[in-house]
Amino acid sequence: MLDSNSLYVKDENGNEKRMTILFTFDNEVIKKQYVVFQDPEQDEDEVYASAYDENGQLLPIETDEEWEMVEEVINTFVEDSENA
């Protein structure tokens, strides 16, 4: 589930965990929305990504090509943040 700056995921034990949303983006070509987030209790260098639907439900990133596109967007975000 997504809200304005957080999302909630279940860990391997079924416990709900709050994650901090770094940014979201749309891919018009494949018509999907993505969220990039991190665990505020973990290493700041580790980020996660997922697709999500119009109800805010997280969906898996399905292909290697899709992962490559998401990683490229994340790398651009990091570069822009470092240059700001």
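This text goes with the structure placed above it.
This structure is a prediction, so every number in the text was calculated from the model and none was measured. (Residues numbered from 1 in each chain as written. Predicted model: local features only at pLDDT ≥ 70, side-chain atom pairs only at ≥ 80, totals over all residues. Heavy atoms only, no water.)

Topic: the layout of surface pockets
The following threshold applies: Lining residues are those with an atom within 4 Å of a point, where the points come from a 1 Å grid over the protein atoms alone and group into cavities, where a 1.4 Å probe fits but cannot get out, or pockets, open sets with protein on both sides within 12 Å along at least five of seven lines. Grid points are joined across faces, edges and corners, and a volume is the space filled by probe spheres set on the points. What counts as a helix is a DSSP run of H or I of at least four residues, what counts as a strand is a run of E of at least two, and both are numbered from the N terminus. Side-chain classes are defined by residue name, with Ala, Val, Leu, Ile, Met, Phe, Trp, Tyr, Cys and Pro counting as nonpolar, Asp, Glu, Lys and Arg as charged, and the others, Gly among them, as polar.
Here the largest pocket is characterised by a volume of approximately 210 Å³. Every residue along the wall of the largest pocket is listed here: L22, F23, V36, Q38, E44, D45, V47, I74, F77, V78, S81 and E82. Of all the secondary-structure elements, those providing two or more residues to the lining of the largest pocket are β2 (16-27), β3 (32-38) and α1 (64-83). Among the elements that line the lining of the largest pocket, the one with the most residues is α1, at five residues. Of the residues assigned to the lining of the largest pocket, the class counts are seven nonpolar, two polar and three charged.

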